[in-house]
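Listed here are the chains, written in short residue letters.
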Amino acid sequence: MNLPEAFMSSDCESSDFNSAENDGRDAESDIKFTPPLFRQRYARVFEILMTEDATSVADFGCSECQALRILRNLTSVELLCGVDIDRSVLENRIQGLQPLITDYVCPRLRPLKIQLFHGDILKIDQRFIGIDAVTMIEVIEHLNSEDLEKLPGVLFGQLHPKIVIFTTPNAEFNVLFPNLLGFRHPDHKFEWTRLQFSSWCDQVGRQYGYSVEYGGVGDPPEDKVSVGFCSQIAVFRRSENRRLEPLAIQSVDCEPYRLIGEVLYPTFLKTTTLEEDLLYEAVYFVNLLRRNPKDDASEPNEHGSRVVRLEELKSYSRLQHTVEDYVVKLREVMRNSGYCISEDGQTVIFPGDDEKEDDDISCDAEVDGDSTDRSNASADGVIPAVSEEEENWDL
């Protein structure tokens, strides 16, 4: 699923410098990012998590919950939590996380629960132990030295998520803000250079068994590329061979976070089997190809049939995250439904319109060495594609 177009559109009145996550209020007239920088950060975090298939995600320091409004579009996520120290902000923002009309028209395949918690991220809440992913978007620079020292032990040592994403200002970029005095935000306790940030991250990764990958958003001008991105990003991934020690919580209160609100999203009510869903979805996709001959995902053979790669079907499938070894399962379903599978097992043959009632054409005419009988399948009942939501992102 792609991000809502309204979110990433650069044609908007607000900029990163007058948003809630201001990166240079004194310099807002000097540099404009397209799209605005805060949108680029959320988009990059979304893209990273989309490849991780995380089912549970927590945004620490969620503030006005804008990241949550983006991350709720992840099809793999079933639990999405926001934690912040400002209770009033959470109470004001919970309404903006309610399902939209489109969420009822095209419900999710997986359940989704969004929870907002009031609490201190430096305290261990047992409900967050083993969560798949934690994001901290422009948060660590607000921590004093004592709290920054505590953070790795709590986050990596006790909660040990599979993936952690930090974004933080790149101090080297600040020279491009001629009117900027001091830090970009009055509450920032520090702003790191790329070397300072990577040194801290590398040390944390070595200590707690995580690999670290670096990136950023907010490109500098072409003649200033040496300063790097405006916001730098570190992605921590837990090593598979890391031994997870059992947690002995010393605090009397094992759940120090206080639940402010909870939102449940509508879920598609299944009346079909997984095998039927896979078949209907595959047939639906191939029918789309027939109506769009310019699409190069498949090519008709001499009989008018479509030869489609199973990997191509997987790339368009909304079910790929719910099926272990999708290609193997789809191959089995297609073969059991009478479709011709190539000898190497990588492609499937869909009959052309002129073949559907021609019983004299065999699979041998289409796939050498494959004599499997085939039958027609209906696309009725295919799960509709999720439409992109449109919202006003200018808060």
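Residues numbered from 1 in each chain as written. Predicted model: local features only at pLDDT ≥ 70, side-chain atom pairs only at ≥ 80, totals over all residues. Heavy atoms only, no water.

1. Describing the sheet that holds strand β6 (residues 210-217)
- Read across the open sheet, the eight strands follow the order β6-β7-β5-β4-β1-β2-β3-β8; overall the sheet is mixed. This sheet does not close on itself; its edge strands, each paired only once, are β6 and β8 (258-265). Each neighbouring strand pair of the sheet contributes to a mean axis angle of 15 degrees, computed without reference to strand direction.
- Of the pairings in the sheet, the one linking strand β4 (residues 133-137) to strand β5 (residues 163-169) comprises five bridges and is parallel in character. Bridge assignment links Met136 to a residue of β5, and that residue is Phe166.
- Relative to the sheet, helix α6 (residues 145-159) contacts β1 (56-60), β4, β5, β6 and β7 (231-238), its axis offset from that of β5 by approximately 160 degrees.
- Sitting on the sheet, helix α7 (residues 194-208) is in contact with β5, β6 and β7, with an inclination near 155 degrees to β6. (Pairing = 2+ DSSP bridges. Helix = DSSP H or I, 4+ residues; strand = E, 2+ residues; numbered from the N terminus. Axes fitted to C-alpha atoms, helices over the stretch in contact; angles between N-to-C directions. Contact = heavy atoms within 4.5 Å.)

2. Things to note about the packing of α6 against α7
- In the contact formed by α6 and α7, the axes pass within 11 Å of each other and the chain directions differ by 40 degrees. In terms of axis orientation, α6 runs oblique to α7. Our pair here, α6 against α7, has a crossing hand that is right-handed. Counting all contacts with α6, which are made through Leu148, Pro152, Gly153, Phe156 and Gly157, the residues of α7 involved are Trp200, Val204 and Tyr208.
- Split into classes, the residues belonging to the contact of α6 with α7 amount to six nonpolar, two polar and no charged. (Parallel < 35°, antiparallel > 145°, perpendicular 65-115°, else oblique. Left-handed = near helix turned anticlockwise from the far one by under 90°. Nonpolar A, V, L, I, M, F, W, Y, C, P; charged D, E, K, R; others polar.)

3. Here's the deal with the confidence of the model for the protein
- Chain-level pLDDT for the protein is 81 on average; 75% of the residues reach the 70-or-more range.
- Here residues 355-362 is a poorly scored stretch, pLDDT under 50, and it has ten contacts once near neighbours within four places are set aside; other chains count.
- Taken as a whole, residues 364-395 scores under 50 in pLDDT and shows 97 contacts with residues more than four places along the chain or in a different chain. (pLDDT = per-residue confidence, 0-100.)

4. Some thoughts on unusual backbone geometry
- Along the chain, Thr34 connects to Pro35 via a cis peptide bond; the corresponding omega equals -10 degrees.
- Take Pro35: it is sitting in the loop between α1 (5-8) and α2 (37-50).
- Non-glycine residue Cys65 carries a positive phi angle of around 70 degrees.
- Structurally, Cys65 is set in the loop between β1 and α3 (66-71).

5. Looking at the pairing of strand β12 (residues 347-350)
- The side-chain alternation of β12 yields two buried faces, one formed by Thr347 and Ile349 and the other by Val348 and Phe350.
- As defined by bridge partners, strand β10 (residues 306-309) adjoins β12 across four bridges and the pair is classed as antiparallel. The residue of β12 that forms the bridge with Val308 is Val348.
- Sheet topology places strand β11 (residues 340-341) next to β12; two bridges connect them, and they run antiparallel. Paired with Ile341 across the strands is Val348, a residue of β12. (Buried < 20%, exposed > 50% of the residue type's maximum accessible area, 1.4 Å probe, protein only.)

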